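Okay, here's what each chain looks like letter by letter:
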Amino acid sequence: MEKQPLPTDDVPPAASEAEVEVSQPASPEPAVRAGWDSKVEYFLAQVGFSVGLGNVWRFPYLCHQNGGGAFLLLYVLLMLVMGIPLFFLELAAGQAIRQGSIGVWKFISPRLAGIGYSSCVVCFFVALYYNVILAWSLFYLGNSFQSPLPWEQCPQQGNVTVKECETSSPTSYFWYRRALDITDSIDETGSFNPYIVGCLLAAWTLVCLGMFKGIKSSVKVMYFSSIFPYVVLICFLVRGLMLDGASDGIAYMFYPKLAIWADIQVWRQAATQVFFALGLGFGSIIAYSSYNPKNNNCHRDAFTVSGINFLTSVLASLVVFAVLGFRAKNKTLACVASNLKALSELFLSGAVDAHLMPGFNYSNPGSVAPELYSTWFQQKGLNVSGNLTDCDLEKAMQQGAEGTGLAFIAFTEAMSLLPGSPFWSALFFLMLLNLGLSTMFGTMEGILAPLTDRFKILANNKTKFTIFSCVLGFLIGLLFTQRCGNYFVAMFDDYSATLPLIIVVVFETFSVAWLYGADRFLDDIEVMLGWRPHVIYKYMWKYVCLLAMLGLLGATTVRMFIKRPTYLAWNQETASEKYRDYPDWALAVLASLIIFAMMPVPVALIHAVLQDRTRRAAGGAATAQYRVVSTQDSCETPMTDMSELTQSNGTDSSFP
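Residues numbered from 1 in each chain as written. Predicted model: local features only at pLDDT ≥ 70, side-chain atom pairs only at ≥ 80, totals over all residues. Heavy atoms only, no water.

Caption draft 1: Examining the environment of Met 397 more closely. Structurally, the position occupied by Met 397 is in helix H18 (residues 393-398). Once the C-alpha coordinates of Met 397 and Ala 410 are considered, the two residues, 13 residues apart in sequence, prove to be 9.1 Å apart. Once you skip the residues sitting within four places of it in the chain, Met 397 turns out to touch Gly 249, Tyr 252, Phe 321, Leu 324, Gly 325 and Ala 328. (Helix = DSSP H or I, 4+ residues; strand = E, 2+ residues; numbered from the N terminus. Contact = heavy atoms within 4.5 Å.)

This is the structure we're talking about:
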């Protein structure tokens, strides 16, 4: 029996899929698929999608918290043995089959189509909350064009400073009270925030304008949105390295703590960061790659994009901790000055013995290094009555150094200390906006491309479908503009994508490496590239990557069950953050998000099995079946239909 050929530039994917399912009508893909005008456009799109907000605020925090230089080595190791092989797999699959995620897995077998639908669902969940972050960035960007910046000083009520601001800080107050007007818990919904609603509408409008003509319009925006963040990061790095305390911040970040390698949670966090940094499982990599010519060197692309992603994370970490080092140095010096002033008053009042007083010149706090004060405090200061505190530079570095707290509290506070702070603030939030837009374009492409490839009516009305998707995203996104909306953003960020995406990639890897066959997949790549990738990829996909993903899945699942999920809430009374347990109804929502995202996989499998049985009962044409293949099975022609291989071996096995 003649085996199914690989889709080519001359044969539309619809014809190939029609051969897979003989008894079904041809899949309704457009006859001609769009393509990139140049390699530069493709690189801007892939890099723009993979390099996002996580590179700026998640990677530096993980690196600092988990061993500095030791975490960097661990991250590189996991990227080489897990990240790049899986990234290469998705690039090659999209380029070979020339369809979105639904079409790719349906092409391999109709029973795997649910993998693509799950990717679309997760992309939609991510787009919902990710665009809210862009709305916050727009709000701060709009407030950056004034001097002084509105978060530089605490507001006054009459002649009295607002207590909530005085107890916390001007930047924390502006974030929690002015921007979010946040409630004390997720149970208290509150009203909609009109400023954030307006900014969310503007954010979805920007995404819609960039996407309404597909990659032809979005890539024009990416010429700016993918390159501009690097210009800003370099400007911030040069300025940051000139600040007092920058070297302390960078030293704290990269100081290696090799003992951290023994902690399984560090491995889990590093693997998760690799996973999300490259954008695995979203379907966006497959979608972007599907617009490439079939002879494009996707192997080189995998290493190039991954390398750029890693170097961007390192660059962002240098910038972040140079600036945070400056902020921490200022806070520590202010702490030392405040404590020494209190110590002098206690000594003059006779409340402190002379032998407890420090040997340095405490009457001139500006000349006292924080290290000297900290050493004295540990030796003698604990015996002094009063409210003296230690002034630890590392603790100051850790305050607000993760996620939204890093961008909207810690970094804004540091920028407010710089000369010309409105300029640096506008530059920073414009950078965040562009980073987020590039990632949003990729995320939306992970939704639009598979669905328009699969359904002819959507392909014929792609502009309307794009606008409808953005309007729907805005309407559902209003959930996040309530006063408790930040807590829902945290819930979606932590749980709606992590577990479903890991499961999706496990299915992807198992399907290609075992059901389709790693050798057969390498044959397909050889036809595309003209040379065969190293056999090590076969073993990476079949064993190393699959076992690593299963381990990550197990560790993530176990952690969710042994530790009740929590969120960081703001307490208005104490003007401080504290962790709270999610209420039972929120846990039900959380579980529903995960189940809903994974539901397409078993549903598509059951649907395909029932269709197969119906056809056999009706005496219809042979349907596509597959089994776990042997590495010795011959495969002269790529993209072989599983049923053909099964029939050639005289078997009649099918997926149970």
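Caption draft 2: Molecular detail of the packing of helix H5 (residues 69-97) against helix H24 (residues 498-529). Packing of H5 against H24 brings their axes to within 10 Å, and their N-to-C directions diverge by 65°. As H5 runs across H24, the sense of the crossing is left-handed. Contacts between H5 and H24 involve Leu 86, Phe 88, Leu 89, Glu 90, Ala 92, Ala 93, Gln 95 and Ala 96 on the former and, on the latter, Val 505, Glu 508, Thr 509, Val 512, Phe 521, Ile 525, Met 528 and Leu 529. Per-class residue counts for the contact of H5 with H24 are 12 nonpolar, two polar and two charged. (Axes fitted to C-alpha atoms, helices over the stretch in contact; angles between N-to-C directions. Left-handed = near helix turned anticlockwise from the far one by under 90°. Nonpolar A, V, L, I, M, F, W, Y, C, P; charged D, E, K, R; others polar.)

Caption draft 3: Quick look at the pairing of strand S4 (residues 576-581). In terms of strand pairing, strand S3 (residues 566-571) meets S4 through six bridges, oriented antiparallel. What sits directly across from Leu 568, in S4, is Tyr 579. Taken together, S3 and the strand that follows it, S4, pair antiparallel across an intervening segment of four residues, in which Ala 575 is found at a positive phi of about 55°. (Pairing = 2+ DSSP bridges.)

Caption draft 4: Quick look at the pattern of salt bridges. One pass over the full model with this rule turns up 16 salt bridges. The shortest N-O distance in the salt bridge between Arg 177 and Asp 181 comes to 3.1 Å. Its salt-bridge partner being Asp 519, residue Arg 532 comes within 4.0 Å of it at the nearest N-O pair. Separated by 13 residues along the polypeptide, Arg 532 in the loop between H24 and helix H25 (536-562) and Asp 519 in helix H24 bring together distant segments of the chain. We classify Asp 519 as buried; its relative accessible area is 18%. Within this structure, Asp 519, Asp 523, Glu 526, Arg 532 and Lys 538 form a network of salt bridges that share partners. (Salt bridge = Lys/Arg side-chain N within 4 Å of Asp/Glu carboxyl O. Buried < 20%, exposed > 50% of the residue type's maximum accessible area, 1.4 Å probe, protein only.)

Caption draft 5: Representation of empty space enclosed by the protein within the structure. One pass over the full model with this rule turns up five cavities of 30 Å³ or more. Contributing to the lining of the largest cavity are Val 47, Gly 48, Val 51, Ser 225, Ser 226, Pro 229, Tyr 230, Leu 233, Thr 312, Asn 434, Leu 435 and Ser 438. When contributions to the lining of the largest cavity are tallied by element, the ones reaching two or more residues are helix H2 (39-50), helix H12 (228-241) and helix H20 (421-454). Of the residues contributing to the lining of the largest cavity, the split by class is six nonpolar, six polar and no charged. (1 Å grid on protein atoms, 1.4 Å probe; cavity = no way out; pocket = protein on both sides within 12 Å on 5 of 7 lines; lining within 4 Å. Points joined across faces, edges and corners; volume = space filled by probe spheres on them.)

Caption draft 6: Seen up close, the state of the cysteines. Taken as a whole, this structure holds two disulfides when the rule is applied. With its sulfur 2.0 Å from that of its partner, Cys 154 forms a disulfide with Cys 165. One quick way to see it: the torsion about the S-S bond of Cys 154 and Cys 165 is about -85°, and its sign makes the bridge left-handed. One end of the pair, Cys 154, is in the loop between helix H7 (113-143) and strand S1 (156-157); the other, Cys 165, is in helix H8 (residues 163-167), and 11 residues separate them in sequence. For the pair Cys 154 and Cys 165, a shared accessibility class is recorded, and that class is buried. Covalent S-S linkage joins Cys 335 and Cys 391, the inter-sulfur distance amounting to 2.0 Å. An S-S torsion of about -75° defines the bridge between Cys 335 and Cys 391 as left-handed. (Disulfide = S-S within 2.5 Å.)

Caption draft 7: View of the environment of Asp 353. Here Asp 353 is to be found in the loop between helix H16 (298-348) and helix H17 (370-379). In this structure the C-alpha to C-alpha distance between Asp 353 and Val 384, which are 31 residues apart in sequence, comes to 8.6 Å.

Caption draft 8: Representation of the packing of H7 against helix H27 (residues 600-617). Packing of H7 against H27 brings their axes to within 7 Å, and their N-to-C directions diverge by 150°. What the angle tells us is that H7 and H27 run roughly antiparallel. Crossing angle aside, the handedness with which H7 passes H27 is right-handed. Across from Ala 113, Gly 114, Ile 115, Tyr 117, Ser 118 and Val 121 in H7, the residues of H27 making contact are Pro 600, Val 601 and Ala 604. Residues that form the contact of H7 with H27 fall into these classes: seven nonpolar, two polar and no charged. (Parallel < 35°, antiparallel > 145°, perpendicular 65-115°, else oblique.)

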